[in-house]
Amino acid sequence: MKKLFTKILASFAFSIVYSSYAMASTIITAPLDSRPISTKYLSNLTALSGDSLIIAAENNLDYFASDNSVNRFADSEKVQADLLHLAKSNNNTDTTFIINTSSALTGGLVGSRCGDNYTNIEDGLGNLFNITSRYSNPTYYVHLVMPRNLPESRGNKIWPDDTNVKGLGYYYLQHNPNCEQTQIINERYSNVSPSQALMEWGYVEGKKTELGLDALSPWEKEYLEYFTQNYCSSEIYAKYTEKYVQPFKSTAEIFRNLVRWQKMGTVDEIIIGNDDSQLPSSVSYLYSNTDSSNWIQLEDGSPIKYSFARTYLKGSADSIYYYIDKAYGYGEKDLSLKGNSQKVNFLFGLDEIPQMIYARDLAKRQKLSADINVVNYINSETVESYDVLNPSQLLGNSLNYLNASKNKTQQKTDMYVFNYEGNVEEKTQSAINAMTQSLKSGKNVGLIELYTYDIINAGNNNLFKRLMQNSPNDEEISITQLSAFSAWNTNANAIGLGLAHAQVYSIAKESNASEKAFVEGQIRILGQHILEDGVYFGQVRNQLTREKYNPLKHTQANNKKSLNDALSANLLMEKFRETEYSVNGNNYAVDECSLVEYGFPWDRLFDCYIDVKATVSKN
C-alpha cells in the first residue's frame, strides 16, 4: 500500500493523508470545495477508523475570500483528470470514491450556484462515466449538490445593474392598504434588491408550478405578471433570469444521467444534498408580522419555501422526484426521502454530507452500525431559516442513512440533542445530570447543540459553558469526556457532523488495531469541534466581527496570534491532559496535547481551521 502511495505521489501533486493502521481502506474524494470542513476534517474522520484519504489536487480546487481579486472556481476538468488517474491506480475493492458534483462538474460549491458553470456539463459527465465504467472495482458514491436559492454574486454577475426592483410587498400593500405594518413593508419590501427580487420570483413561480395559477393571491398574480413582462421578457434582463434558473434545471438533468449509471451498476449510490433553502425576506416578514398571512402555505407548521430549487427537486415534470418514480417505481422515493434506500438517498443539508457518506460506507464495510439512542432536548419543531426540515425530521433522516448494517456496536451511544430555546437554565442542569448518568453507566456520550444566530451571538450556549468548566475529575461530565460534539452552522450541519463522528467513533473503538492511534485521533477531532463549533462559533467569531477584524488586512502570523489568543485553547488542552481514555479495557493517559495549526483558510471570519494533536500512552 505504501508503494502505491509513493507511486501516486511521485506522478501527481495530490493532497494525501494516510495512516499506519492495518487493513486500511483507501477513500478518494473530489471534495465539495477547498474549505477544511470538506478536506482536512474529513481526513481526520477517516484516520480515526484507520482509513486513508486522498483528495484531488488542492491547486485545482476553488478559493473564495472577501478579496475578489484572488478568488477562483475549481478547475473541474483537472479534478476529473485527478479522479481518472486515481481510479486507474486504485482499481480494487478496498477503495471508495466520494465524488461531490460541485468540484467534479461545476467549479466548486460556489460555482455550483452559478449558471455559467453548467454550459459544458455533457463533457464532464462523459469523463465521470468513463471513470466509473472502466474502473469498476471501487465503490462509487456520487453526491449531487442541489444549489441554494439565494443568488450567488461571487464570480457571477446576477443582474446588469444595482437598481432595486419593485417587490412583492408593493403589490401586497395595493390589496392590504390598512395593514398594521404598512410603513415597514413600504420601506423594506416595496422595492427590493436584485437578489431578493430573483428569490421572490422563484417563490411565486414555484408556487404556481405546484399549485396552479388559481392558487396564487391577487397580489402574487400581479407581481408575477409584472416581473415576467419587465424582466423575463426583456432583452437586457432575460439572460440573467435564465442564468438564475439554469443551475436548478441542470441539476435535475445531471441526476437523470446518474440514475442511468446507477441502474447500469457503475455508480453504487446517489446522494442528493439540498443546500440552504431560504424564504424571500418579504415572505418571511409578512408571515411573522401580519394577520392576513393565510396566503402563505405551510408544511409541518412552517412556511413552504417555494423556489426553483424546490421546483426541480419535487415540483415539476422535470424534477428529481419524477425521475426517481420513473426509474425505480413509486416506492423508492419514500425510501429515499427517509434515508433508507440502497440506490438514491436525500440528505437535507450540505457540508456534513461527505462525512455522513463516509460513516455509512464504514458501516457497510465493517458490517457494523453504531447503536445510537437520541435524547432530545428540543422545544421547537419549526424549520429554521437555512434548513429544509425541522430538527426531529433531520435526525430521523440522518439516523436512517447511517444505519447501514443490522449488526450494532456493543457499546451504546446516548446522543444528546440540545436546542437553546425556552427555559435554558432548567434544561441545562437536567441535561448535565442525564449525560453524567449515561457516562457512569458505561455508554458513549455525544452532544449536538442547535441554536439560532440571535441566541449564539448573545453568548447563551450555557450547556457548552458548563461542560467546559467541569473538570474530568469532577462528579459531573466534562467536555473532554464526550465521544462526539457538534454545533456547526445550520441544524442540518450540526446533526449530520455529530452523528457521523459518533458512528465512526463507535465502530472504530471496537474494530481498530491501534488503540493508541485511535485515542489520539479522537482527541484531534473532538478538540477541533470544541474549539471551532463551541468556542469560535459560540463566542470568538462574534467578538472579532464586532471589532471589525479582517483577516485580509493582517499577515498569517498575526491572524494566527489573534485567533489563538481569542480561543484560549490552553484551557482546553489542560482538560485533555487531565482526562483518561478507556478502549477495550485498556486505559490511556494524555502525555501532551496542543493546538498545532490554526487560522482563517479562506481569509474570512465565517469559519476557521483548527488542528489539535495529542500523544497518549498506556497506563
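Placed above this text is the structure.
In short, a report on the structure. (Residues numbered from 1 in each chain as written. Predicted model: local features only at pLDDT ≥ 70, side-chain atom pairs only at ≥ 80, totals over all residues. Heavy atoms only, no water.)

Quick look at helix 9 (residues 218–232) now. It helps to recall that an α-helix has 3.6 residues per turn; residues three or four apart then point in one direction. For helix 9, with 15 residues, the first-to-last C-alpha span of 20 Å sits near the 21 Å given by 1.5 Å per residue. Those residues of helix 9 that fall on the buried side of the exposure criterion are Trp219, Glu220, Tyr223, Leu224, Tyr226, Phe227 and Tyr231. Buried residues in helix 9, looked at end-on, bunch into an arc of 165°, giving them a common side. Buried residues along helix 9 sit in contact with strand 6 (165–166), helix 6 (168–175), helix 8 (194–211) and helix 10 (238–264). (Helix = DSSP H or I, 4+ residues; strand = E, 2+ residues; numbered from the N terminus. Expected span 1.5 Å × (residues − 1). Buried < 20%, exposed > 50% of the residue type's maximum accessible area, 1.4 Å probe, protein only. Arc of directions from axis to C-beta. Contact = heavy atoms within 4.5 Å.)

This next bit is on the sheet that holds strand 17 (residues 586–599). Strand order in the open sheet formed by three strands is 16-17-18, and the pairing between neighbours is antiparallel. At either margin of the open sheet sits one strand with a lone partner, and together these are strand 16 (580–583) and strand 18 (609–618). Strand-to-strand, the axes of this sheet are offset by a mean angle of 45°, without reference to chain direction. On the sheet, helix 21 (residues 515–546) packs against strand 16, strand 17 and strand 18 and is oriented at approximately 145° with respect to strand 18. Relative to strand 17, helix 23 (residues 569–578) is tilted by about 165°, and along the sheet it contacts strand 16, strand 17 and strand 18. (Pairing = 2+ DSSP bridges. Axes fitted to C-alpha atoms, helices over the stretch in contact; angles between N-to-C directions.)

A word on the pairing of strand 8 (residues 269–274). With six of six residues buried, strand 8 lies mostly within the body of the structure. Residue alternation in strand 8 divides its side chains into two sets, Glu269, Ile271 and Gly273 and Ile270, Ile272 and Asn274, and both sets are buried. Where strand 5 (residues 139–146) and strand 8 come together, six bridges link them in parallel fashion. Considered in strand 8, the bridge of Met146 is made with Asn274. Sheet topology places strand 8 next to strand 11 (residues 344–347); four bridges connect them, and they run parallel. Following the sheet pairing, Ile270 is matched in strand 11 by Val344.

Moving on, we come to the packing of aromatic side chains. This model, assessed by the stated rule, comprises 40 aromatic pairs. Measuring from ring centre to ring centre gives 6.3 Å for Phe537 and Phe606, while their planes differ by 70°; the resulting arrangement is edge-to-face. You can see Phe537 sitting in helix 21 and its partner Phe606 sitting in the loop between strand 17 and strand 18, a full 69 residues away along the chain. Taking the relative accessible area as the measure of exposure, Phe537 reaches 2% and is therefore buried. Arranged with centres 6.3 Å apart and planes meeting at 40°, the rings of Tyr549 and Phe600 form a pair that is tilted. Highlighted residues: Tyr549 in the loop between helix 21 and helix 22 (556–567) and Phe600 in the loop between strand 17 and strand 18, separated in sequence by 51 residues. For the pair formed by Tyr549 and Phe600, the shared burial category is buried. Through pairs of rings, three or more aromatic residues link up here, namely Trp159, Tyr170, Tyr171, Trp201, Tyr223, Tyr226, Phe227, Tyr231, Tyr237, Tyr244, Phe248 and Phe308. The ring of Tyr609 has Lys40 sitting right over it, with the charged end atom 5.4 Å from the ring centre. Just above the ring of Phe537 sits the side chain of Arg541; from NZ or CZ to the centre is 4.2 Å. (Phe/Tyr/Trp six-rings, centres within 6.5 Å; stacked < 30°, edge-to-face > 60°. Lys NZ or Arg CZ within 6 Å of the ring centre and 35° of its normal.)

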